[in-house]
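Remarks on the overall topology
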Amino acid sequence: MFDEVTQVIREYKGDLGLVITPETTFSSLNLDSLETVELVMKVEEKLNVSIDMNGDINCVGDLLAVLEKVQ
């Protein structure tokens, strides 16, 4: 699942060589709150899941934890 999420982030940012770890924050990727929501929507679409955006998703690891709960 990490690979799918990082692929979506890299495509969204337009940088296929972007180094992403679970600790990577969305703010360190220069994503504001709207862009983070758009990114999460793209992840939802790719993985065919629905995520409740509740403000606790600040880094890639947070997103992965939420995805594990909904799958």
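Being a predicted model, the structure only gives us computed values, none of them experimental.

On to the packing of helix H1 (residues 2-13) against helix H2 (residues 33-47). Angle between the axes and distance between the axes: these two values describe a pair of packed helices. Direction vectors running N to C along H1 and H2 enclose 130°, while the axes themselves pass 10 Å from each other. As the angle between them shows, H1 and H2 are arranged oblique. Read as a crossing pair, H1 and H2 show a hand that is right-handed. Contact residues: H1 offers Glu4, Val5, Gln7, Val8, Ile9 and Tyr12, while H2 offers Glu35, Glu38, Leu39, Lys42, Val43, Lys46 and Leu47. Within the contact of H1 with H2, the residues separate by chemical class into seven nonpolar, one polar and five charged.

Along the chain, the position of Gly14 falls in the loop between H1 and H2. For the pair Gly14 and Glu38, spaced 24 residues apart in sequence, the C-alpha separation works out to 14 Å.

Attention now goes to the packing of H1 against helix H3 (residues 60-70). Direction vectors running N to C along H1 and H3 enclose 130°, while the axes themselves pass 11 Å from each other. By the angle between their directions, the pair H1 and H3 is classed as oblique. The hand of the H1/H3 crossing is right-handed. Note on element contacts: H3 touches H1 through Val60, Leu63, Leu64 and Leu67, opposite Phe2, Val5 and Ile9. In terms of residue class, the contact of H1 with H3 is built from seven nonpolar, no polar and no charged.

Calculation criteria
- Residues numbered from 1 in each chain as written.
- Predicted model: local features only at pLDDT ≥ 70, side-chain atom pairs only at ≥ 80, totals over all residues.
- Heavy atoms only, no water.
- Axes fitted to C-alpha atoms, helices over the stretch in contact; angles between N-to-C directions.
- Helix = DSSP H or I, 4+ residues; strand = E, 2+ residues; numbered from the N terminus.
- Parallel < 35°, antiparallel > 145°, perpendicular 65-115°, else oblique.
- Left-handed = near helix turned anticlockwise from the far one by under 90°.
- Contact = heavy atoms within 4.5 Å.
- Nonpolar A, V, L, I, M, F, W, Y, C, P; charged D, E, K, R; others polar.

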